Amino acid sequence: MLIHQHYEMELIQKQNELKSSARAIADELVVHSTTKYEGLRIHDCADRLTYDKDPFSSRIITKGSFCRHRLCPICQWRRSCKYTAIFHKLFDNYPTLNGQHWIYLTLTQQNCHVTELRAALERMSIGFQRLRRQAFWVQNVLGAVRFTEVTHQASDIAYAHPHYHCLLMVRPSMSQGNNYVSIEAWQELWQRCLGVGYIPDVHATCIRPPQKLGYAAVRENVINTVRYSTKPVVGPISYDWLAAISRETRSLRKVELYGELRNLRLQAGTGRNIQLGDIADDIVLDEIFHIDEGDLPY
Ligand SMILES: [Zn+2]
């Protein structure tokens, strides 16, 4: 009971922080006629929440009405919890995932003016399709999940920093053997696929294999990368920034699954009749949302 009370307190505190951020964003949007409706939606998000305990598990259940706007920090956080829960379920259903080799890859491009963000994201999407068609990818990457994130340039909030966080499930020879791809090779590949004249920033980290860390550690590290990649991004509370991000990212999918991960996800199901790639835009109002205690604190 004490554990539940502790998590309830943390959950309520977290919701209050997110609600405060959401209100600040809404206040910027409601004063302009073109974004007034969006501001009102975010303003009213999760105005009333109820908490309950699942008597058959260690879960806390929250229930409420949510705006589903992609600028809303409350809904971003809910999506993050949802994706980590989905990956927990994948590992529960398919324990062999613990024995797989994983690479955490970040692909970037040069910062762009926020009004050019949509074109930049479309260019990255085409580049990623090309990357997936490369021989090394076809032969070595068994499955992948791609998260799209947009942050702002620290020195100038008129500029955006779009990037992909990717979790790759690969053949062992790619993470530590003959088919290992160095950072320089990743950069060269990504540069070619993007079709740009500069060398883009790329980061690649092996999530260490189970012989060294054990199964539980691999699962924990994979889940942590999912949580990190889907974390709420609030950004500057500036009307110009918020309106541009809302406009430039409208209807773009933030999460995509590929290969075996997509197949396993479809087989595993989540109790809902929607696919993972659809979740960002298809969260149903008043749904019951489960948060594993293992996902707290945030
Ligand atoms: Zn919301």
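Along each chain, residue indices are assigned from 1 in the same order as the chain's sequence is written. With the structure being a predicted model, the display of local features is reserved for residues of pLDDT at least 70 and the display and counting of side-chain atom pairs for 80 or more, all residues being used for whole-chain, interface and lining totals.

1. Some words on the overall build of the chain
Going along the chain from the N terminus, every DSSP run of H or I of four or more residues is numbered as a helix, and every run of E of two or more is numbered as a strand. Within the chain one finds twelve helices and nine strands. With C-beta atoms placed from the backbone, a residue is buried if 20 or more other C-beta atoms are within 10 Å of its own, exposed if 12 or fewer are, and partly exposed between those counts. Each of the 298 residues in the chain was classed as buried or not, and the buried ones make up 34%. Any pair of residues counts as being in contact when their C-beta atoms, constructed from backbone geometry, are within 7 Å of one another. Contacts in the chain between residues far apart in sequence, at least 24 positions, make up 73% of those at least 6 positions apart.

2. A closer look at the packing of helix α4 (residues 117–133) against helix α7 (residues 183–194)
Between α4 and α7, the shortest axis-to-axis distance is 8 Å and the interhelical angle comes to 120°. The angle between the axes of α4 and α7 places the two elements in the oblique class. Once α4 is placed against α7, the crossing between them reads as right-handed. Counting all contacts with α4, which are made through Arg123, Met124, Gly127, Arg130 and Leu131, the residues of α7 involved are Leu189, Trp190, Cys193 and Leu194. Three classes are used: nonpolar for Ala, Val, Leu, Ile, Met, Phe, Trp, Tyr, Cys and Pro, charged for Asp, Glu, Lys and Arg, and polar for all others, with Gly counted as polar. Its residues assigned to classes, the contact of α4 with α7 shows six nonpolar, one polar and two charged. Throughout, an axis means a line fitted to C-alpha atoms (over the contacting stretch in the case of helices), and angles, computed between N-to-C directions, take values from 0 to 180 degrees. Relative orientations are named as follows: roughly parallel for angles under 35 degrees, roughly antiparallel for angles over 145 degrees, roughly perpendicular for angles from 65 to 115 degrees, and oblique for any other angle. Two helices crossing with the near one rotated counterclockwise from the far one by less than a right angle form a left-handed crossing, whereas a clockwise rotation gives a right-handed crossing.

3. Some remarks on the nonpolar core
Joined through C-beta atoms within 7 Å, a set of buried Ala, Val, Leu, Ile, Met, Phe, Trp, Tyr and Cys residues constitutes a nonpolar core. Within the largest apolar cluster, 61 residues are counted, with the highest numbers of intra-cluster contacts made by Ile42, Ala144, Leu167 and Leu168. A total of seven residues in this core trace back to one element, the largest contributor, which is strand β6 (residues 156–170). Once residues lying within four places of it in the same chain are set aside, the contact partners of leucine 168 are Trp102, Ile103, Leu105, Val141 and Ala144.

4. With respect to the pairing of strand β3 (residues 101–108)
With respect to burial, β3 is a largely interior element, six of its eight residues being buried. Pairing between strands requires that DSSP locate at least two bridges from one strand to the other. The sheet contact formed by β3 and β6 spans eight bridges and is antiparallel. If you follow tyrosine 104 over to β6, its bridge partner there is leucine 167. In the sheet, β3 pairs with strand β7 (residues 202–207) via six bridges, with the strands oriented antiparallel.

5. Considering unusual backbone geometry
The phi dihedral of alanine 46 falls on the positive side, at around 50°, and the residue is not glycine. Among the structural elements, alanine 46 can be located in the loop between α2 (36–43) and β1 (49–53). In the Ramachandran plot, arginine 68 falls in the positive-phi region, its phi being about 65° despite a non-glycine side chain. Relative to the elements of secondary structure, arginine 68 occurs in the loop between β2 (60–64) and α3 (73–93).

6. Section: the environment of valine 222
Its place among the elements puts valine 222 in helix α9 (residues 215–229). It is 9.3 Å that separates the C-alpha atoms of valine 222 and asparagine 98, two residues lying 124 residues apart in sequence. Excluding residues within four positions of it along the chain, valine 222 makes contact with Phe87, Trp102, Leu167 and Ile207.

7. Section: the packing of α3 against helix α11 (residues 259–268)
The N-to-C vectors of α3 and α11 enclose an angle of 85°; their axes lie 10 Å apart at closest approach. One finds that α3 runs roughly perpendicular with respect to α11. Seen from α3, the contacting residues are Lys89, Leu90 and Asn93; seen from α11, they are Leu264, Arg265 and Ala268. Residues that form the contact of α3 with α11 fall into these classes: three nonpolar, one polar and two charged.

8. What about the confidence of the model for the chain?
With 83% of its residues at a pLDDT of at least 70, the chain reaches an overall mean of 82. Taking the mean pLDDT of every element in the chain, the minimum, 32, falls on helix α12 (residues 276–282) and the maximum, 96, on strand β4 (residues 112–113). The pLDDT value tells you how sure the predictor is about a given residue, anywhere from 0 up to 100.

9. A word on the environment of cysteine 112
Assignment of secondary structure puts cysteine 112 in strand β4. On the basis of neighbour counts, which here come to 20 C-beta atoms within 10 Å, the residue cysteine 112 falls in the buried class. For the pair cysteine 112 and alanine 160, spaced 48 residues apart in sequence, the C-alpha separation works out to 5.5 Å. In contact with cysteine 112, not counting residues within four places along its chain, are Leu117, Ala120, Tyr159 and Ala160.

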